[in-house]
Amino acid sequence: MKLTILGAGSWGTALAAHFAGAGHEVMLWCRRPELAEELRRERRNAQFLPRTELPASLRVTADLNETLAADAVLVVVPSHGYREVVRRYLRCVASTETRGESVTLISATKGVETDTLERMSEVSRDEAAAADREIRFAVLSGPNFAVELAAGAPTSAVVAADSEEVATRLRERLSTPTFRLYSSTDVVGVELGAASKNVIAIAAGIVAGLELGHNALAALMTRGLHEITRLVLAYGGQPRTLSGLAGMGDLVLTCTGPLSRNRSLGVKLAAGETLEAISAGTPMVAEGVRNSLAIARLAEQRQVEMPITEQMVEILYRDKPPTQAVRDLMARELRPEAEL
């Protein structure tokens, strides 16, 4: 396929390098021209994925007009920048002679827009309507660390679209010998599962940082999956999705893997570092910080109980001590485990 990847962070670079190495024709778009120039010259993304050499066939640009002729466009940017990038891309497309053609847009962004509380599928459709463009939307998600995919380690993910035909076609065409894809039609479940698990991963980092043990971590992950499931069901998603790669699979990885940005942030919070200091010390985005607010607001809209998420909001935005948050969670009213 001819693929455009919008976003040259660690995951965008890893996807670009992987798909180019698998024989696809790939164009990687960078927001900053100086980064595009560096990648073309050094054939390496020193800031975000320093150990991965970019394939010679991978093209890099900072000009959106060079990215238009693609079979599919993967948007791999933080959720707070997603709308702007999609808007700019679709406006470029709208000005070309391919105006009548549908655009296949694949979100690899795990988040919810804080101001509007829209998922990336909803943002994409908003911007497509504004640009008077037809899109076919899909979301790609799963338990994936960029450095491992780029290194050729066996990796799996799920690609979801409202249309089973679109999801199946992308599954078949994008799977490689080391990147196995499964298809789904539960866009809501995949998107909300991906966004919510980031918040639980921060809590997992706090558990690790406070040295609360494996019992506490296992309980946190289990109850975290329970509250994510409640949210997904409230918005029309399928419970089965949460036992798959975009649910349990991604949750396990981000709560236990040392490469998880959200878990690492939680460890630092437990050590007494401030959110401001942690954020200033890295260019990497821990999506769980913004997601905690958005997920809590989505839960409030549908009267969904999400106690772990609520405590993360208290810690991140209201300076609640992590030890007090743990005590408050343990002191909650006792109830049947299966109760939703």
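Figured I'd write up the structure that's included with this text. (Residues numbered from 1 in each chain as written. Predicted model: local features only at pLDDT ≥ 70, side-chain atom pairs only at ≥ 80, totals over all residues. Heavy atoms only, no water.)

### Some points on empty space enclosed by the protein
Phase 1: Within this structure, the stated rule accounts for one cavity of 30 Å³ or more.
Phase 2: Here the largest cavity is characterised by a volume of approximately 30 Å³.
Phase 3: When contributions to the lining of the largest cavity are tallied by element, the ones reaching two or more residues are β8 (135–141) and α7 (187–209).
Phase 4: A breakdown of the residues in the lining of the largest cavity according to their chemical character gives four nonpolar, three polar and two charged. (1 Å grid on protein atoms, 1.4 Å probe; cavity = no way out; pocket = protein on both sides within 12 Å on 5 of 7 lines; lining within 4 Å. Points joined across faces, edges and corners; volume = space filled by probe spheres on them. Helix = DSSP H or I, 4+ residues; strand = E, 2+ residues; numbered from the N terminus. Nonpolar A, V, L, I, M, F, W, Y, C, P; charged D, E, K, R; others polar.)

### Notes on the sheet that holds strand β10 (residues 179–184)
Phase 1: Pairing within the open sheet is mixed, and its eight strands lie in the order β5-β2-β1-β6-β7-β8-β9-β10. A single partner strand is all that each edge strand has here, and the edge strands are β5 (59–61) and β10. Each strand of the sheet is rotated relative to its neighbour by a mean of 25 degrees, with strand direction disregarded.
Phase 2: Taken together, the three bridges between β8 and strand β9 (residues 155–160) define a ladder with antiparallel strand orientation. (Pairing = 2+ DSSP bridges. Axes fitted to C-alpha atoms, helices over the stretch in contact; angles between N-to-C directions.)

### Looking at the packing of aromatic side chains
Phase 1: With the rule as written, the count across this model stands at one aromatic pair.
Phase 2: Relative to F179, the ring of F19 has its centre 6.1 Å away and its plane inclined at 50 degrees; by these criteria the two rings are tilted. With F19 in helix α1 (residues 10–21) and F179 in strand β10, this pair connects stretches of sequence that are 160 residues apart.
Phase 3: The buried category is assigned to F19, whose relative accessible area is 1%. (Phe/Tyr/Trp six-rings, centres within 6.5 Å; stacked < 30°, edge-to-face > 60°. Buried < 20%, exposed > 50% of the residue type's maximum accessible area, 1.4 Å probe, protein only.)

### Some remarks on the side chain of E118
Phase 1: Among the secondary structure elements, E118 is positioned in the loop between β7 (103–107) and α4 (120–131).
Phase 2: Accessibility expressed as a relative area gives 17% for E118, which makes it buried.
Phase 3: Side-chain polar atoms of E118 contact the side chain of R83, separated by 2.9 Å.
Phase 4: Residues in contact with E118, not counting those within four places in the same chain, are R83, V112, E113, V123 and D126. (Polar contact = N/O pair within 3.5 Å; in protein donor to acceptor, adjacent residues only side chain to side chain. Contact = heavy atoms within 4.5 Å.)

### Focus: the pattern of salt bridges
Phase 1: Enumeration over the complete set of coordinates arrives at 23 salt bridges.
Phase 2: Residues R41 and E37 are paired through a salt bridge, measuring 3.9 Å at the closest nitrogen-oxygen approach. One end of the pair is R41 and the other is E37, both in helix α2 (residues 33–42) and four residues apart, which spans about a single turn.
Phase 3: On the basis of relative accessible area, E37 is assigned to the partly exposed category, the value being 37%.
Phase 4: Among the salt bridges present, the one from D250 reaches K110, with a minimum N-O distance of 2.8 Å. Placement of D250 in helix α9 (residues 245–256) and of K110 in the loop between β7 and α4 is noted, with a sequence separation of 140 residues between them. An identical accessibility class is assigned to D250 and K110; each is buried.
Phase 5: What emerges from the salt-bridge pattern is a single network uniting R83, R87, E113, E118, D126 and E127. (Salt bridge = Lys/Arg side-chain N within 4 Å of Asp/Glu carboxyl O.)

### A closer look at the packing of α7 against α9
Phase 1: It is at 9 Å that the axes of α7 and α9 come closest, and there the two elements cross at 25 degrees. Classified by the interaxial angle, the pair formed by α7 and α9 is roughly parallel. Along this stretch, α7 crosses α9, giving a crossing that reads as right-handed. Along the contact surface, α7 presents V190, G193, A194, K197, I200, A201 and A204, while α9 presents A246, D250, L251, T254 and C255.
Phase 2: Within the contact of α7 with α9, the residues separate by chemical class into eight nonpolar, two polar and two charged. (Parallel < 35°, antiparallel > 145°, perpendicular 65-115°, else oblique. Left-handed = near helix turned anticlockwise from the far one by under 90°.)

### Some details on the nonpolar core
Phase 1: Counting 41 residues, the largest nonpolar core has L192, I202, L220, L231, L265 and L298 as the members making the most contacts within it.
Phase 2: When residues in this core are grouped by element, the largest group, eleven residues, is from α7.
Phase 3: Sequence-distant contacts of L298, defined by excluding residues within four places in its chain, comprise V112, L117, L192, L231 and Y235.
Phase 4: Formed by 39 residues, the second largest nonpolar core is a distinct cluster that contains F19, A20, A161 and L181. (Core = buried A, V, L, I, M, F, W, Y, C linked by side-chain atoms within 4.5 Å.)

### Things to note about the environment of R171
Phase 1: Relative to the assigned elements, R171 resides in helix α6 (residues 164–174).
Phase 2: In this structure the C-alpha to C-alpha distance between R171 and L181, which are ten residues apart in sequence, comes to 5.5 Å.
Phase 3: Beyond its immediate sequence surroundings of up to four residues, R171 is in contact with V159, L181, Y182 and S183.
Phase 4: Here the side chain of R171 touches S183 through a polar contact of 2.9 Å, side chain to side chain.

Any functional reading would require information that these geometric values do not contain.
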